Amino acid sequence: MEVKTSKFGQRMSELTGVRAIMKDIIETLKSAEGKSFLNFSAGNPVVIPQVDELWRKITTELVNSKDFSNVVGRYGASKGYEPFIEAVLKDYNNRFNLNLTEKNILVSPGSQMLYFVAANTFGGYTSEGEIRHLTLPITPEYTGYGGVSLHKECIKGFKPLIEIFEKDHEFKYRLDRDNLTIDKNTGCIFTSRPCNPTGNIMSLEEVNFLVEKASANSIPIFFDSAYAAPYPALNFTEMLPVFGGNVAHCVTLSKAGLPGERVGFVLADENIIKPLEAFQTNACLHSSRMGQAMATLAINSGELQEICLTAVKPFYMERMIAMQEAAKKFLPNTIPWFLHRGEGSIFAWIWLRDLPISDWDLYNKLKEHQVIVVPGSTFFPGIQDKSWKHQYECIRLSLTVDKPEIDQGIKIIGKVLSECYS
Ligand SMILES: Cc1ncc(COP(=O)(O)O)c(C=O)c1O
């Protein structure tokens, strides 16, 4: 049957960012015919045994409790499951010395939904027809932002400055304050901290600069804390979060073992929360209550915070170290490769300066050698300057692969790069 879709229907049917490449990866893996691939493309977190154990124990507790029928058998408040809200507010208020109330929180079915709702609540076109951008101050950024605005042209990514530590084969993205535009045509700002795909943690100075700019223009700034503390605590260096004023602090439990349950929340001023809550209610009533009820028990007992520090963080930190060691050992010194400083997240990001072929050609070449990576150009949503070559010179490697495979994969990448640069 042929169906006609609306303009928004067409826009939302587009495969953006990594989703566009996942189809190819899945087909490659399916048609592998006995070949085994070293797959560095996964975005799905690893099921860590201790974390799995915790959620199993808690689920059993919940299923056997008198609350269970109420949790799964009834609709709830659009803002979120009340005991979950209480647990989160208590934890955040104690931990960060805040005075948040239930007016300052909205629970969402995963944080992706939250970004969709925020991008179209604060970004898009005003009733007078003026454009309001969804601004990404340091791009490369989370590929999922590329699909959240109903108006593609509203997404505006800004190039970063690149600080190079030449001798160490390392680099770090910095905010390019001089070339960043935040003005009356900015609707909202999104930034992931720690960043997927780069592992960058924006400095507090950079954060404060952005918050001031946002505040001066009366726009909300969304700090995507998908990898931050307390859950999942995937920051490998110290980082202080910011709250209050125009800041919307967004959290998800997806990297703390619950991606399938779709639990996220945002903490912000009630004037930011109110329109988001109304929009979300129109779209989906409320988030699933089972995941929220599970998380309530794990947060109230302190077990979630504990397991993130004792199991989740060390798991990925060890792999980041393994990746750094493998890169030093197996990537040729003569090639201008640079690993982004591994400050957090579940990914490593490599920049191949002056790469003689495109990131996609490299992806295809590596596939021939049974190594799958993600071409970096899928992580530059909203970048206007398509001739900026840096965006075609990077690859993302997932830290979900274990150490022997990291060594094996990086060795192969080193060989393929030697051929490319020679
Ligand atoms: C930086 C970042 N933000 C948001 C998301 C979306 O997560 P979820 O919708 O599962 O909360 C992801 C998922 O990988 C992510 O890496």
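Refer to the structure above for everything that follows.
These lines cover the structure that appears in this document, whether it is placed above or below. Starting afresh in each chain, residues are numbered from 1 along the sequence in its written order. Given that this is a predicted model, residues contribute local features only at a pLDDT of at least 70 and side-chain atom pairs are listed and counted only at 80 or more, while totals for whole chains, interfaces and linings are drawn from all residues. By convention in this description, side-chain values take in all heavy atoms of the structure and omit both hydrogens and water.

1. With respect to the site of the ligand
Rules: When we say a residue is near a molecule or strand, we mean one of its heavy atoms is within 4 Å of it. Throughout this description, a polar contact denotes any pair of N or O atoms lying within 3.5 Å of each other; where both atoms belong to protein, one of them has to be capable of donating a hydrogen while the other can accept it, and for residues adjacent in sequence the pair is counted only when both atoms sit in side chains. Calculation of accessible area relied on Shrake-Rupley with a 1.4 Å probe; when residues are assessed, cover is drawn exclusively from the protein chains displayed. As defined here, a cavity is a set of points on a 1 Å grid over the protein atoms alone where a 1.4 Å probe fits but cannot get out. A pocket is an open set with protein on both sides within 12 Å along at least five of seven lines, and residues line them when an atom is within 4 Å of a point. Cavities and pockets are treated as containing a molecule whenever more than half of the molecule's atoms lie within 2 Å of their grid points. A run of H or I in DSSP becomes a helix once it reaches four residues, and a run of E becomes a strand once it reaches two; helices and strands are each numbered from the N terminus.
The local shell around the ligand holds 14 residues, among which S111, D224, Y227, T252 and S254 are the closest. At a separation of 2.7 Å, an oxygen atom of the ligand approaches a polar side-chain atom of Y227. Interatomic distance of 2.6 Å between a side-chain N/O atom of S254 and an oxygen atom of the ligand. Computed on the free molecule, the ligand has an accessible area of 400 Å², of which 91% lies beneath the protein chains in the complex. When atom positions are compared with the pocket grids, the ligand is found to occupy the largest pocket. Considering every element that reaches the shell around the ligand, the biggest residue donor is helix α6 (residues 111-122), with 3 residues.

2. Topic: the layout of surface pockets
Heads up, the condition is: Grid points are joined across faces, edges and corners, and a volume is the space filled by probe spheres set on the points. Just so you know the grouping, Ala, Val, Leu, Ile, Met, Phe, Trp, Tyr, Cys and Pro go in nonpolar, Asp, Glu, Lys and Arg go in charged, and all remaining residues, Gly too, go in polar.
Of the volumes computed, that of the largest pocket is approximately 820 Å³. If you go around the largest pocket, you meet 33 residues; those closest to its centre are G43, Q112, Y142, N196 and K255. Of all the secondary-structure elements, those providing two or more residues to the lining of the largest pocket are α1 (7-13), α2 (17-30) and α6. Here the lining of the largest pocket takes 4 residues from α6, the largest share from any one element. Its residues assigned to classes, the lining of the largest pocket comprises 13 nonpolar, 13 polar and 7 charged. Approximately 430 Å³ is the volume found for the second largest pocket.

3. Digging into empty space enclosed by the protein
By the definition in use, this model includes 3 cavities of 30 Å³ or more. Considering only enclosed or pocket space, the largest cavity measures out at about 60 Å³ in volume. In terms of lining residues, the largest cavity is bounded by I138, P140, E141, T191, S192, C195, N200 and M202. Grouping the constituent residues of the lining of the largest cavity by class yields 4 nonpolar, 3 polar and 1 charged. Empty space within the second largest cavity amounts to approximately 40 Å³. Lining the second largest cavity are R193, F223, S225, M239, P241, V242 and H249. Of the residues in the lining of the second largest cavity, the class split is 4 nonpolar, 2 polar and 1 charged.

4. Structural notes on the sheet that holds strand β12 (residues 337-340)
Quick reminder of the rule: Strands pair, by our definition, only if DSSP identifies at least two bridges between them.
With respect to topology, 6 strands assemble into an open sheet ordered β6-β7-β12-β13-β16-β15, the strand pairing being mixed. Edge positions in the open sheet fall to β6 (161-165) and β15 (374-375), since each of these has one partner strand only. When strand β13 (residues 347-352) meets strand β16 (residues 394-398), the two strands line up antiparallel, connected through 5 bridges. When the bridges of β16 are listed, W351 appears paired with C394.

5. Points about the side chain of E393
When you line up the elements, E393 lands in the loop between β15 and β16. A distance of 2.9 Å separates the side chain of E393 from the side chain of W351, its partner in a polar contact.

6. Things to note about helix α11 (residues 359-368)
The condition that has to hold: Each residue is placed in one exposure class: buried if its accessible area under a 1.4 Å probe, protein chains only, is under 20% of its type's maximum, exposed if it is over 50%, and partly exposed if it falls in between. Within this analysis, the arc is defined by the directions that extend from the helix axis to the C-beta atoms. The contact rule is simple, with two residues in contact once any of their heavy atoms fall within 4.5 Å.
Of all the positions in α11, only D359, L362, Y363, L366 and K367 are classed as buried. Considered in projection along α11, the buried side chains sweep an arc of 140 degrees and stay on one side of the axis. Residues of α11 that are buried sit in contact with α2, β13, β14 (371-372), β15, β16 and α12 (403-421). Positive backbone phi, at 65 degrees, marks Q370, one or two positions downstream of α11.

7. What about the pairing of strand β9 (residues 221-224)?
Residues I221 and F223 line one face of β9 and the alternating positions F222 and D224 line the opposite face, and both faces are buried. Strand direction decides the pairing type here: strand β8 (residues 186-192) and β9, joined by 4 bridges, are parallel. Opposite I189, over in β9, you have I221 as the bridge partner. Across 4 bridges, the pairing between β9 and strand β10 (residues 247-252) is parallel. Bridge pairing links F222 to A248 in β10.

8. What about the packing of helix α5 (residues 82-96) against helix α9 (residues 289-300)?
Selection rule: Fitted lines through C-alpha atoms give the axes, limited to the stretch in contact for helices. The angle between two N-to-C directions lies from 0 to 180 degrees. Should the near helix be turned counterclockwise from the far one by less than a right angle, the crossing is left-handed, whereas a clockwise turn marks it as right-handed.
Look at α5 against α9: their axes get within 8 Å of each other, and the N-to-C directions meet at 35 degrees. Viewed along their axes, α5 and α9 form a crossing whose handedness is left-handed. For the pair α5 and α9, contact is made by P83, F84, A87, V88 and D91 and by Q292, A295, T296, I299 and N300, respectively. Classifying every residue of the contact of α5 with α9 by side-chain character gives 6 nonpolar, 3 polar and 1 charged.

9. Digging into the packing of aromatic side chains
What characterises a pair of aromatic rings is the spacing of the ring centres plus the angle enclosed by the ring planes. Note the cut-off: Any two of the Phe, Tyr and Trp rings considered here, Trp counted by its six-membered ring, make a pair once their centres fall within 6.5 Å; the pair's planes then place it as stacked at under 30 degrees, edge-to-face at over 60, or tilted in between. Both a distance and an angle decide whether a charge sits over a ring: NZ of Lys or CZ of Arg must be within 6 Å of the ring centre and within 35 degrees of the ring normal.
Under the defined criterion, the tally for this structure stands at 22 aromatic pairs. Ring centres 5.0 Å apart and planes at 85 degrees place the aromatic pair F171 and Y173 in the edge-to-face group. Considered together, F171 and Y173 belong to a single accessibility category, that of buried residues. What links up through ring pairs into an aromatic cluster is the set F84, Y92, F96, Y231, F243 and F265. Positioned above the aromatic ring of F209, the side-chain terminus of R177 is 5.0 Å from the ring centre. Taking NZ or CZ as reference, R396 lies 3.7 Å from the ring centre of F347, over its face.

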